[in-house]
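Below, each chain spelled out in residue letters.
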Amino acid sequence: MDCATVPSLISDFVNTFVDFSVSGGIFLPPEPKSVKNSTDSLRTVFPQPARLIAVGDIHGDLPKAKSALRLAGLIGPDDRWSGESATVVQVGDIFDRGGDEIKLLYFFERLKREAAKAGGTVITMNGNHEIMNVDADFRFVARLGVKEFEDWGFWQCVGNGMKRMCLGIDSDLVFKDLFDGVPDEIPGIPPQFLNGIRARIAALRPNGLISNRFLSKNQTVVVVGDSVFAHGGLLEKHVVYGLERMNEEVRDWIRGLSEKVDSRLVRGADSVVWLRSFSNKLVKDGDCSILEHVLETIPGARRMIMGHTIQEDGINVACGGRAVRVDVGMSKLCGDRFPEVLEIDENSELKVLTSNPLYMKRHYETSNKKDGLGSLIPDQRPRQVEVNA
């Protein structure tokens, strides 16, 4: 077979076949120009949209992710984008604890493309679990997650073999060995999990097929209107380091363009993806003062929105509304709690949409200085509206 005249068509067909096989049946639409052009640099600052939705940690649970997005009307019954011009920020930790990690990557990639075509924006962020997996730290990987990557490795090899059968295909479209550089044996890994772990390393290491294709598009910090998003949180040293610089350096490391990344960004208790100072159940007054100062150093910033630490009582605020915590532990294998999302309108008013029957609709008065449950002030003016997952 001579494919010299149609190499790109053959390669695209094989890529689509492999994508469909590993994603749970997703066909990715063509990338809009706004998405294609974003590969040159990561955008850090976005204008205030008419509607902003924040989604917390998902941890490998595709059904719960869909339920959360349906709460906000961002996807319809067919799982396609229906959010029009809305902006949604998923604050990281798609990885670990569940078995739908690859499917979630494809699902959000499709939403990014569909939203961009409709005038909306989908932003996915790096959490500490994304960083851990690029670092080959698999302590929190579920067995289903190992199996999903084993299947991914199998289909990648099948697709590569199909390309090799076609004479004339550009060598850049074919990889020599998916597992090049990956050890054949890994101490402490039982034989039944070895193939899955090796595939996971190959996929997620810097410049791996999945890390380069998907994770390199994630922001580590983002500002949308008057809201600052970071998985763990920001300290003054991070702001001084530079928000755009953080995004670019983490991205370059994930793409394999630099061997190291500054520990202040991705490793250690005080890093952007690991910090818990503002998301702990009882936030100290000193931490609130630090947060106040950090926000003052970011032009126009009013609040910081974080995931990372499970909030057993649902989405809540601290520090007089300056700290907003959106990780509700919705993943089946990491809390299995009711999905909730945070909605911010064009007037910067906050509302929690929840599938918890005890609190079908909740509002935050950010001017109220009470925190925790005391800040959950039901809106008594309009009639409460039930929102079903």
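Not measured: the values here are computed from a predicted model.

Rules and cut-offs
- Residues numbered from 1 in each chain as written.
- Predicted model: local features only at pLDDT ≥ 70, side-chain atom pairs only at ≥ 80, totals over all residues.
- Heavy atoms only, no water.
- Helix = DSSP H or I, 4+ residues; strand = E, 2+ residues; numbered from the N terminus.
- Buried < 20%, exposed > 50% of the residue type's maximum accessible area, 1.4 Å probe, protein only.
- Contact = heavy atoms within 4.5 Å.
- Areas by Shrake-Rupley, 256 points an atom, 1.4 Å probe, with all protein chains shown as cover.
- Axes fitted to C-alpha atoms, helices over the stretch in contact; angles between N-to-C directions.
- Parallel < 35°, antiparallel > 145°, perpendicular 65-115°, else oblique.
- Nonpolar A, V, L, I, M, F, W, Y, C, P; charged D, E, K, R; others polar.
- Core = buried A, V, L, I, M, F, W, Y, C linked by side-chain atoms within 4.5 Å.
- Pairing = 2+ DSSP bridges.
- Phe/Tyr/Trp six-rings, centres within 6.5 Å; stacked < 30°, edge-to-face > 60°.
- Lys NZ or Arg CZ within 6 Å of the ring centre and 35° of its normal.
- Salt bridge = Lys/Arg side-chain N within 4 Å of Asp/Glu carboxyl O.

> What should I look at first to understand the overall build of the chain in this one?
A tally of helices and strands in the chain yields twelve helices and twelve strands. When the 389 residues of the chain are sorted by exposure, 54% land in the buried category. The contacts of the chain with a sequence gap of at least 6 include a subset with a gap of at least 24, amounting to 70%. Carbon and sulfur atoms make up 52% of the accessible area of the chain, which amounts to about 17,600 Å² in all.

> What is the right way to look at the packing of helix H4 (residues 101–118) against helix H6 (residues 143–164) in this model?
To describe two helices that pack against each other, one gives the angle between their axes and the distance between the axes. One can describe the packing of H4 onto H6 by two numbers: an axis separation of 8 Å at closest approach and a directional angle of 65 degrees. In terms of orientation, H4 and H6 fall into the roughly perpendicular class. Taken together, the residues of H6 that come into contact with H4 (itself represented by Glu-101, Ile-102 and Lys-103) are Gly-145, Glu-148, Phe-149 and Trp-152. Class assignment for the residues of the contact of H4 with H6 results in three nonpolar, one polar and three charged.

> Explain the nonpolar core to me, please; I cannot follow it from the model alone.
A general feature of soluble globular proteins is that nonpolar side chains tend to end up buried together. Counting 105 residues, the largest nonpolar core has Phe-229, Leu-234 and Leu-342 as the members making the most contacts within it. Top element by residues in this core is H4. It accounts for eight residues. Aside from chain neighbours lying at most four places away, what touches Leu-342 is Leu-52, Ile-53, Ala-54, Ile-305, Ile-315, Val-324, Val-326, Leu-350, Lys-351 and Val-352.

> Can you help me understand the environment of Ala-323 in this one?
Within the secondary structure layout, Ala-323 lies in strand E9 (residues 323–325). In this structure, the C-alpha to C-alpha distance between Ala-323 and Gly-233, residues 90 residues apart in sequence, is 9.3 Å. In this structure, Ala-323 is in contact with Phe-278, Leu-291, Met-304, Met-306, Asn-316, Val-317 and Ala-318, ignoring residues within four places of it in sequence.

> Is there a simple way to explain the sheet that holds strand E5 (residues 221–224) in this structure?
Sheets are built from strands that pair by backbone hydrogen bonding, the pairs being arranged parallel or antiparallel. An order of E1-E5-E6-E7-E9-E8 is seen for the six strands of this open sheet, with the pairing classed as mixed. In this open sheet, the two edge strands, each paired with only one partner strand, are strand E1 (45–46) and strand E8 (316–318). Sheet topology places E5 next to strand E6 (residues 227–230); four bridges connect them, and they run antiparallel. Note on E6: the bridge partner recorded for Val-224 is Ser-227. Along the sheet face, helix H12 (residues 285–296) touches E6, strand E7 (303–306) and E9 and points at about 110 degrees away from the line of E7.

> Explanation requested: the packing of aromatic side chains in the structure shown.
Pairs of aromatic rings are described using the distance from one ring centre to the other and the angle between the two planes. For the coordinates displayed, the defined rule picks out six aromatic pairs. For the ring pair Phe-107 and Phe-108, a centre distance of 5.8 Å and an interplane angle of 75 degrees mean the geometry is edge-to-face. For Phe-108, a relative accessible area of 3% corresponds to the buried category. Plain terms: the ring middles of Phe-149 and Trp-152 are 6.5 Å apart, the flat faces sit at 55 degrees to each other, and that makes the pair tilted. You can see Phe-149 and its partner Trp-152 sitting in helix H6, three residues apart, about one turn around the helix. Phe-149 sits in the buried class, given a relative accessible area of 0%. Members of the aromatic cluster, connected to one another through ring pairs, are Phe-17, Phe-154 and Trp-155. When the ring centre of Tyr-241 is taken as origin, the NZ or CZ atom of Arg-245, which lies over that ring, is 3.8 Å away.

> Would you mind showing me how to read the pattern of salt bridges here?
Pairs can form between side chains of opposite charge whenever their charged atoms are close. The full count for this structure, using the stated rule, is 23 salt bridges. Between Glu-114 and Arg-80 there is a salt bridge; the shortest N-O distance is 2.7 Å. Of this pair, Glu-114 sits in helix H4 while Arg-80 sits in the loop between helix H3 (62–71) and strand E3 (87–90), and the two are 34 residues apart along the sequence. Note on Glu-114: relative accessible area 14%, which makes it buried. Accessibility expressed as a relative area gives 34% for Arg-80, which makes it partly exposed. Across the salt bridge formed by Arg-200 and Glu-101, the nearest N and O atoms sit 2.6 Å from each other. Of this pair, Arg-200 sits in helix H7 (residues 191–204) while Glu-101 sits in helix H4, placing them 99 residues apart in sequence. Among the residues examined, Arg-200 registers a relative accessible area of 0% and is labelled buried.

> I would appreciate a short explanation of the environment of Leu-144 in the present structure.
Structurally, Leu-144 can be placed in helix H6. Using a relative accessible area of 57% as the deciding quantity, one classes Leu-144 as exposed. Separated by 43 residues in the primary sequence, Leu-144 and Glu-101 have C-alpha atoms spaced 9.5 Å apart.

> Please clarify how the pairing of E5 should be interpreted in this entry.
Remark: a regular strand shows side chains that alternate across the two faces of the sheet. Taking every second residue as pointing to the same face, both faces of E5 are buried, with Val-221 and Val-223 on one and Val-222 and Val-224 on the other. As paired elements, E1 and E5 share two bridges and run parallel to each other. When the sheet's bridge partners are listed, Phe-46 is paired in E5 with Val-224. Between E5 and E6, which pair antiparallel one after the other, the connecting turn spans two residues, and Gly-225 there sits at a positive phi close to 60 degrees.

> So what exactly am I meant to see when it comes to the packing of H6 against H7 here?
It is the contact of H6 with H7, at a shortest axis distance of 7 Å, that shows an interaxial angle of 70 degrees. As summarised for this structure, H6 and H7 are arranged roughly perpendicular, according to the angle between their axes. Facing Arg-143, Gly-145, Val-146, Phe-149, Glu-150, Trp-152 and Gly-153 of H6, the residues of H7 in contact are Phe-193, Asn-195, Gly-196, Ile-197, Ala-199, Arg-200, Ala-203 and Leu-204. Within the contact of H6 with H7, the residues separate by chemical class into eight nonpolar, four polar and three charged.

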